[in-house]
Each structure stands twice: as C-alpha cells, then as structure tokens.
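One-letter residues, chain by chain:
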Amino acid sequence: MLNNHDQLWNRCLSVIKDNISEASYNTWFAPIVALKYENSIFVLQVPSQFFVEYIEEKYIDLLRMTLYREVGVGTRLEYRVLIDKSSGRGTQIPSAAEQTKQKSTGSNSSYVNPYHKPQLPEIDPQLNPAYNFNNLIEGNSNKLARTAGISIGNEPGKNIFNPLFVYGQSGVGKTHLANAIGVMTKQLHPEKRVLYVSANTFQIQYTDAVRSNTVNDFLNFYQTIDVLIVDDIQEFAGKTGTQNTFFHIFNHLHQTGKQLVLTSDRSPIVMVGLEQRLLTRFKWGLSAEIEKPDFELRRSILQSKIYRDGLEISDEVVDFIAEHVVDNVRDLEGVLVSLLAHSTLANMPIDVALAEKVISRIVNITRKVNTVEKIRDVVCEYFSLSIDAISTKSRKREVVQARQIAMYLSKQLTKSSLSSIGNTIGQRDHATVLHACKIVNDLMDSDKNFRSSVREIEEKLKQ
Ligand SMILES: Nc1ncnc2c1ncn2[C@@H]1O[C@H](COP(=O)(O)OP(=O)(O)OP(=O)(O)O)[C@@H](O)[C@H]1O
C-alpha cells in the first residue's frame, strides 16, 4: 500500500505532467522520490544539487501551486540530495523560494479550507527594468501615450484608458513605454500581478497548451493577471485560435476591472487579419499613436543618453546627429554606440566629421541634407505656389501658411539661423520666423489635417 506522502506526491505528479513537456517531466520530476510529509513539510529526494537549483529556478511556481492545491496551502518543501545511494544518506535543503515565501506570508498552516481560494503564486512579470518612465523622455510625439501610461501606473484598471492601445512605427518607443507602465505598477502596487508578454510568446504558449491539452490551465493563468501587457499584437493576424483565446482573456480581464496594455505597429483602424470583435475592443479605451520623434525630442534623448553614459559630446555634434537621424530612436542609439566605439578604438575625437562618417553608414546622409532654399521650393510645389508668391508681402491665408511652414521646417531641418531663414523666405526678420514656428507648432497640436500636410512635406524632403 502506498504511504500518504506517496499518494500525495503522485497526485502532484499528475498535475505537473499536465503542465510541462514529457521530456521535461521525465528529466526533472520522474527521478524525484517523496520521502515524507510531516508538519506541513514535504521532503523530496533529488539526485543532485543541480536538480535543486534547476527545479527552483524553472519550476518553483508550478511546484508550489501544485503542492498548495494537492497537499495544502502553506506546504513547505525540503530537498534531500542523494549523495550515496547505498547508504541512503543525503543533505537536507529547504527550498529557498519556499522559505522566502513562508517569511513573507507568515503562513505555516497546512489546513486546507475548501472555501478558501489558495493564494496565487507570484509570477515573474517579465519586465525589463531598464525601460522605465525616468528614462523615457517626453516630446510632442509621445506625450499622449506617455501621460496615459503614467495614469495607468498610478491606478491600473481604474482609469479610462482601458485598454491602452499604443501604436507607431518601429523604434519609436512602444516597448519601452509598455515596460515602463509595468515597472511603475510593480513599484507602486507590488501586490499586483503584472505580466509583459510579446504576442509571439503568447502565441507559442497557446500552441503548446493546445498540444499538451492544457488550454484551460492557460486560460486560468491569464485570467489571474491584474495588468496584462501584450507587445506587437499585430502578430496575432491570421491566427484564429490565438485570437479566440485572447478574446476570452480580454473580456474576462476587462469585465473584472483589470488593465490591458497593447502595442502594435499600426492603428486598429488599418489592422488586417484580426477579428472585428477584437478590433472593436481595442478601440474601447485610448488608442495613442507614438509618432516619429521630432528634432527637439531627438536632441533631448541624445542628451539624456550621453549624460547617463558619462560621455562628452559637444552640442554641435548632438545637433548634427539629431538633424540627420530622423526616423527612430533605435538609430540614434546606434549612432552613439558607433561613435563611442570609433573614438575609443581609433582614438579619434568625437566631432562632426566622425559623426558624419558614422551616420552615413546608418542613414543616407546625402539624401537628407536640406537647405532653406530647397525647403522653400518643396513647400511652394506642395501648395502649388510660385516662389515669388511666397516671397511677397501677401497676407492671403494660403500664402501665409505656406511661408510659415517653410520657416518652421527650415528651423527643424537645417542649422541655419533664424535671420538667414527669414532672409531666404520673403525677406523677413528673425522674430517673424520665431512667430511662424510657434504658430505651426500650435496648429500641429490642434489641427490633424494641418499636421498631416506638414508630415507629407517632410517626407518629400527626405526623398
Ligand atoms: N522617448 C524615448 N526616450 C528614451 N529612449 C527612447 C525613447 N523612445 C525610444 N527609446 C529607445 O529607443 C529604443 C527603441 O525603442 P522600442 O524598442 O521601445 O521601440 P518600438 O517602438 O517598440 O520598436 P519595435 O516596433 O521595432 O519593437 C529603445 O532602446 C528605447 O529605450
């Protein structure tokens, strides 16, 4: 007849078997022998110290959850490492994770109350602490998304941004923001179950669950999360089973006041391959675009990274990089790393010449050098105005606006001084240029059509 501890352990083994691959089970769990269960302590015999370390690292959550469920809440674990099989002597090692858990919960009871919901095991939120709000620099392009993210970090689930759907091109800071929300939530609400997962990982986990017939466990797990962050959700496109499962998880979490944060490379409006019912839900909260960083933000990000890494790079070089590396922040970081490598390895000073050399390997620098004249010409062409018209004193609305945009873009995209910009565009003084920049900035914030016209012109200037 089996001992009590053998019976209990066999029950645990069948739960564990359901949750991991057969190979892992055979390697890590089949060789374990249950030795005794006494005073809420379950003693397991394991073949080596390495076993203990591996199990503690990879399977402790599963093991703890299983023991709580099958043996009793608060059950502690001790390992006996088999040193000499013939003598049966071994070393007793309490589970480190169990000890910590025990201390933090203060619980040492093995009494199982059938009405008591076992305390959920802690999970690793899978966050990257290096991506936080302190080093996520704010600019016009990410202000809305960043501010909404901070509100969520303060009060996850209890705000109007649920879900927060952040979209934008590659390298503009979506993953950084998504992580920062998780990091802040954990700092302010350590008890919350936060999980960051890429859509790709979610998809793999789901496929594994289908294969091992554990979809219910998969669903149950995700439905216990308080703040679920899914990165690159566009990758669910065309994956019907995954979408269906995510739909249930989304509904459950949303209905129970839990927070969802989703990122994507495009807005829900233009997303293809995703079910309508999901897209509708993505639009329930706030959809916030992170646009390409403007010159000011590019410069601030560079300055912050230079300061953080203790580098010494002149303002002239910083401005040069910010002017020429315009598409995404990842490229800006790449330029800084290369500059540093060149200057250290080749013992070269970090000056504009070196910056130009490094940048030309990352972006097509010649294509992107703009002059005030070129900007003026492209703006005139865009608005079908003659260059003479923009240079006159005309107060016609379309002429004034074209002139202001040309001034604004010249300020953004060239190193020319305000007076030289004013000189080239209609013989105006520097104060007029400054005023034009302010007007354009304000209109960009408030008028969507105006903003997209300016963006289109910028694109043309890059071609
Ligand atoms: N506003 C910012 N302040 C500081 N660093 C930033 C900012 N925006 C982006 N970064 C940095 O730029 C890099 C790229 O950002 P991130 O990976 O978050 O982009 P992404 O939009 O998720 O890109 P992808 O869609 O390709 O995954 C990261 O190292 C990130 O820290």
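Predicted, not measured: the structure shown is a model, and the values here were computed from it. Numbering of residues starts from 1 in every chain and runs along the sequence as written. Only residues with pLDDT of 70 or above have their local features reported here, since the model is predicted, and side-chain atom pairs are shown and tallied only from 80 upward, although totals for entire chains, interfaces and linings are computed over all residues. Excluded from the side-chain calculations are hydrogens and water; all other atoms, namely the structure's heavy atoms, are used.

### Quick word on helix α15 (residues 352-362)
We apply this condition: Using a 1.4 Å probe on the protein chains alone, a residue whose accessible area is under 20% of its type maximum counts as buried, one over 50% counts as exposed, and one in between counts as partly exposed. Only DSSP runs of H or I with at least four residues qualify as helices, and only runs of E with at least two residues qualify as strands; both kinds are numbered from the N terminus onward. Each C-beta atom gives one direction from the helix axis, and the arc is the one those directions make.
All buried positions along α15 are accounted for by V352, L354, A355, V358 and I359. Down the axis of α15, the sector holding all buried residues measures 155°, keeping them to one side. What points out from α15, more than 90 degrees from its buried face, is the exposed set A353 and R361.

### Some details on the packing of aromatic side chains
Heads up, the rule is: Whether two aromatic rings pair depends on their centres lying within 6.5 Å, for rings of Phe, Tyr and Trp, where Trp uses its six-membered ring; planes under 30 degrees apart make the pair stacked, over 60 edge-to-face, and the rest tilted. By the criterion adopted, a ring carries a charge over it if an Arg CZ or a Lys NZ lies within 6 Å of its centre and within 35 degrees of its normal.
Within the structure shown, the criterion is met by 17 aromatic pairs. Taking 5.0 Å as the distance between ring centres and 85° as the angle between the ring planes, the aromatic pair formed by Y382 and F383 counts as edge-to-face. By relative accessible area, which is 26% here, F383 ends up partly exposed. By way of ring pairs, the aromatic residues F165, Y167, F202, Y206, F218, F221, Y222, F236, F246, F250, F282 and W284 are connected into one cluster. Of note, R277 hangs over the ring of F247, and the distance from its end group to the ring centre comes to 3.7 Å.

### Topic: the nonpolar core
One recurring pattern in soluble globular proteins is that nonpolar side chains are buried together. Put simply, the rule is: Think of a nonpolar core as a cluster: buried Ala, Val, Leu, Ile, Met, Phe, Trp, Tyr and Cys residues, connected wherever their side-chain atoms sit within 4.5 Å. Every residue pair with non-hydrogen atoms within 4.5 Å of one another is taken to be in contact.
Core analysis: the biggest nonpolar cluster contains 29 residues, and Y222, L228, V230, I233, F246 and F282 have the highest contact counts within it. Elements with a minimum of two residues in this core: β5 (164-167), β6 (194-198), α8 (199-211), α9 (215-222), β7 (227-231), α10 (240-255), β8 (259-264) and α11 (276-282). Tallying contributions element by element places α10 first for this core, with five residues. The contacts of V230, once residues within four sequence positions are left out, are V197, A199, F236, F246, V261, L262 and T263. Judged by nonpolar contacts, the second largest core, of 27 residues, contains A402, I405, L418 and C437.

### What about the pairing of β8?
To be explicit about the condition: Should DSSP find at least two bridges between two strands, the strands are regarded as paired. Seen with the strands pointing away from the viewer, any crossover whose path from the first strand over the helix to the second strand runs clockwise is right-handed.
Of all six residues that make up β8, six are buried, and the element is covered over most of its length. Of the two faces of β8, the one carrying Q259, V261 and T263 and the one carrying L260, L262 and S264 are both buried. As paired strands, β5 and β8 are joined by four bridges and run parallel to one another. Counterpart to L164 in the pairing with β8 is V261. Relative to β8, β7 runs parallel, the two being bridged by four bridges. Bridge pairing links I229 to V261 in β8. Crossover connection from β7 via α10 to parallel β8: handedness right-handed.

### Structural notes on the site of the ligand
Operational definition: We call a residue near a molecule or strand when any one of its heavy atoms sits within 4 Å of it. Polar contacts, as counted here, are pairs of nitrogen or oxygen atoms within 3.5 Å of one another; within protein the pair requires one atom able to donate a hydrogen and one able to accept it, and residues that are adjacent in sequence qualify only if both atoms are side-chain atoms. Computed with the Shrake-Rupley method and a 1.4 Å probe, the accessible areas treat only the protein chains shown as cover for residues. We call Asp, Glu, Lys and Arg charged. Ala, Val, Leu, Ile, Met, Phe, Trp, Tyr, Cys and Pro are nonpolar, and the rest, Gly among them, are polar.
Inspection of the region around the ligand gives 18 residues, with S170, G171, K174, T175 and H176 positioned closest. H176 places a polar side-chain atom, nitrogen or oxygen, 2.6 Å from an oxygen atom of the ligand. Taking R330, its side chain carries an N or O atom lying 3.0 Å from an oxygen atom of the ligand. Expressed as a share of its isolated accessible area of 630 Å², the protein-covered part of the ligand is 90%. Within the residue set of the shell around the ligand, elements represented by two or more residues are α7 (174-188), α12 (295-308) and α14 (329-345). Residue composition of the shell around the ligand, by class: six nonpolar, eight polar and four charged.

### Some remarks on unusual backbone geometry
With an omega dihedral of 5°, the bond running from N162 to P163 counts as a cis peptide bond. For P163, the location among the structural elements is in the loop between α6 (143-154) and β5.

### Considerations on the UniProt feature "binding site: ATP" (unreviewed entry) in the protein chain
Threshold: UniProt positions are given in the numbering used here, feature names are shortened, and annotations may be inferred rather than shown by experiment.
Cross-referencing UniProt, the feature "binding site: ATP" (unreviewed entry) maps to G171, G173, K174 and T175 in the present numbering. In this fold, K174 is placed in helix α7. Take K174: its relative accessible area is 7%, and that puts it in the buried class. From its side chain, K174 meets the backbone oxygen of G168 in a polar contact 2.9 Å long. Here T175 lies in helix α7. Among the residues examined, T175 registers a relative accessible area of 27% and is labelled partly exposed. Once residues lying within four places of it in the same chain are set aside, the contact partners of T175 are Y131, Y196 and D231.

### Structural notes on the confidence of the model for the protein chain
Keep this limit in mind: Confidence scores labelled pLDDT are given residue by residue by the predictor and lie between 0 and 100.
Of the residues in the protein chain, 90% have a pLDDT of 70 or more, and the chain-wide mean is 85. Note on residues 84-91: pLDDT is under 50 here. Beyond four places in sequence and across chains, it has 11 contacts. Counting contacts from residues 96-116, a segment whose pLDDT is below 50, to residues more than four positions away or on other chains yields 33 contacts. Here the prediction assigns the complex a pTM of 0.60, and the interface score ipTM is 0.99.

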